[in-house]
Amino acid sequence: KLPETLVKSFRLDWQDAAGMWHELGIFENHYRREVLMKLDIECQALRFTLLETYGAEQVKIFAWTVA
């Protein structure tokens, strides 16, 4: 059984140089604690939106690395 606090699905948005937000995608059915992604974009900011967990109403993100 997967931990209730594990992120199951999330949305990523990116902000362009003009300050406009664009949806990068919705990522579903994750089952690992660590999510590694290579994104081929240049942006001013990234925004993470939690959509679903495996049961918990809230989660805590302990690390977010963008390189």
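Right above here is the structure, for reference.
Cut-off values and rules
Residues numbered from 1 in each chain as written. Predicted model: local features only at pLDDT ≥ 70, side-chain atom pairs only at ≥ 80, totals over all residues. Heavy atoms only, no water. Helix = DSSP H or I, 4+ residues; strand = E, 2+ residues; numbered from the N terminus. Buried < 20%, exposed > 50% of the residue type's maximum accessible area, 1.4 Å probe, protein only. Contact = heavy atoms within 4.5 Å. Areas by Shrake-Rupley, 256 points an atom, 1.4 Å probe, with all protein chains shown as cover. Salt bridge = Lys/Arg side-chain N within 4 Å of Asp/Glu carboxyl O. 1 Å grid on protein atoms, 1.4 Å probe; cavity = no way out; pocket = protein on both sides within 12 Å on 5 of 7 lines; lining within 4 Å. Points joined across faces, edges and corners; volume = space filled by probe spheres on them.

Draft legend 1. Looking closely at the overall build of the protein chain. What the protein chain contains, in helices and strands, is zero helices and three strands. Counting from the amino terminus, the protein chain carries its helices and strands in the arrangement β-β-β. Over its C-alpha atoms, taken along the principal directions, the protein chain stretches across nearly 45 × 20 × 20 Å. Per-residue burial over the protein chain gives 18% buried out of 67 residues. In the protein chain, of all internal contacts separated by at least 6 residues, the share reaching a separation of at least 24 is 61%. Summed over all atoms, the accessible surface of the protein chain reaches about 5700 Å², with 48% contributed by carbon and sulfur.

Draft legend 2. Quick peek at the pattern of salt bridges. Under the defined criterion, the tally for this structure stands at three salt bridges. Between glutamate 52 and lysine 8 there is a salt bridge, with its nearest N and O atoms 3.8 Å apart. Placement of glutamate 52 in strand E3 (residues 45-53) and of lysine 8 in strand E1 (residues 7-15) is noted, with a sequence separation of 44 residues between them. Overall, glutamate 52 belongs to the partly exposed group, its relative accessible area being 38%.

Draft legend 3. Layout of unusual backbone geometry. For asparagine 29, which is not glycine, the phi dihedral falls at a positive 60°. As for its placement among the helices and strands, asparagine 29 is situated in the loop between strand E2 (21-27) and E3.

Draft legend 4. Representation of the layout of surface pockets in the model. Roughly 1000 Å³ of internal volume is contained in the largest pocket. Forming the boundary of the largest pocket are 27 residues, of which Glu34, Val35, Ala63, Trp64 and Thr65 lie nearest the centre. Secondary structure elements with two or more residues in the lining of the largest pocket: E1 and E3. Top contributing element to the lining of the largest pocket by residue count: E1, with three residues.

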